[in-house]
Every structure is written in structure tokens, then in C-alpha cells.
Amino acid sequence: MAVLPIIKLGHPTLRKRAEEITEFTDDLYDLADNMVDTMIENEGIGLAGPQVNIARRIFVIDLSLIDEEKDPQAYINPKIISTENLETMEEGCLSIPDVRSDVSRPFALEVEYQTLDGETVREKMDGLLARVFQHENDHLDGVLFIDKIPPIERKLLEPQLNKIRRSTSLT
């Protein structure tokens, strides 16, 4: 398969709401495979369509980093149905390289999504999987993890963020 270029902070696609996927074709399988290759090549645990400049409601998570017996999985048109408890944990993002910050998110979720075949799945998840699901799902709505940190922390990160934005506008 292919490794896709990851777009960085400052690229307009990262701030757009991604479109629903309505056609479940071989092209969708190819896209998911390419996204998994891209995620693994860049040492990520998750990757959303908008991060590879594809404004569609798809993301992949490398479940083998959470449970070594599982393979990477694609989530199509995901929705968060309910949440429980809050937990704070450090996050980073392939589209915002070398920036990390603590983010509070629900610890447990009930979610609904479609598989690559269009089958609807409802599932409960918690811990790291729930966190990555939320982080990637945010990308589908144009939300980045830096939008969820306190303003004072964001202000402290602004020089790094501006450097990433400037490098994005040059490419």
C-alpha cells in the first residue's frame, strides 16, 4: 500500500467537518489500508481522514498498541453515544508534531460506527482506546487536542504552534 502525506496545523482541512461516508467500496478498503500504513510509518496510534487531507468520516486506530492480539481497525461515520467519568492524560498529534499537553476526556464511552463493509457496530470502550477514539473523532469535526487545553497552557505553546503553522504555509 502507500504512505500518505500528513498535513500539519495551519492546513484548512484540519478545521473542516468531514463528510459522511455513504459508499462502501474497494476504494474505502484501500484508503483504510493506506491510512494504517501511514499511521504505522509515523509511529502513531490513530489517524483520521482529515489528517491526510481527506475530509471524510473515517479514522484508524492501531489496536495492537493497546492489545497485542488485535490488528489496526477502521471506524467509519463514528458517533459517541454516551460518556462516563473524566481522566486527564497527556496527548500529542501527528498533525502537531513535538507538541504534547494534558487533556481531560471521558474515561469510558459507548460508541457507534460502521465497519468497512457498512455494518453498524455499537460498542463500549474505556481507557486508552476510548481516549484515542475521542481524539480521532474530534478530527472529523475539525477539533484538535490543543482546543481542549486551558488557555494559559495554549498561550505557552503558541510559539511552537506558530512555528508549525508557518512551516505549513510554506509547503
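Now for a look at the structure at hand.

Analysis parameters
Residues numbered from 1 in each chain as written. Predicted model: local features only at pLDDT ≥ 70, side-chain atom pairs only at ≥ 80, totals over all residues. Heavy atoms only, no water. Salt bridge = Lys/Arg side-chain N within 4 Å of Asp/Glu carboxyl O. Helix = DSSP H or I, 4+ residues; strand = E, 2+ residues; numbered from the N terminus. Buried < 20%, exposed > 50% of the residue type's maximum accessible area, 1.4 Å probe, protein only. Phe/Tyr/Trp six-rings, centres within 6.5 Å; stacked < 30°, edge-to-face > 60°.

### Concerning the pattern of salt bridges
With the rule as written, the count across this model stands at 14 salt bridges. A salt bridge links Glu20 to Arg57, with the shortest nitrogen-to-oxygen separation between them at 3.6 Å. Residue Glu20 is located in the segment before helix H1 (26-41), and its partner Arg57 is located in the loop between strand E1 (46-48) and strand E2 (58-61); the two are separated by 37 residues in the primary sequence. Accessibility expressed as a relative area gives 39% for Glu20, which makes it partly exposed. In this structure, Glu90 and Arg100 form a salt bridge, with 2.9 Å as the shortest nitrogen-oxygen distance. Of this pair, Glu90 sits in strand E3 (residues 73-93) while Arg100 is found in strand E4 (residues 96-114), placing the two residues 10 residues apart along the sequence. The exposure class of Arg100 is partly exposed, given its relative accessible area of 48%.

### Here we look at the packing of aromatic side chains
Across all of its chains, the model carries four aromatic pairs by this definition. Plain terms: the ring middles of Phe59 and Phe133 are 5.1 Å apart, the flat faces sit at 85° to each other, and that makes the pair edge-to-face. Of this pair, Phe59 sits in strand E2 while Phe133 sits in helix H2 (residues 127-140), and the two are 74 residues apart along the sequence. Of the residues examined, Phe59 reaches a relative accessible area of 0% and is grouped as buried. What makes Phe133 buried here is its relative accessible area of 0%. Among the aromatic residues, ring-to-ring pairing joins Phe59, Tyr75, Tyr113 and Phe133 into one connected group.

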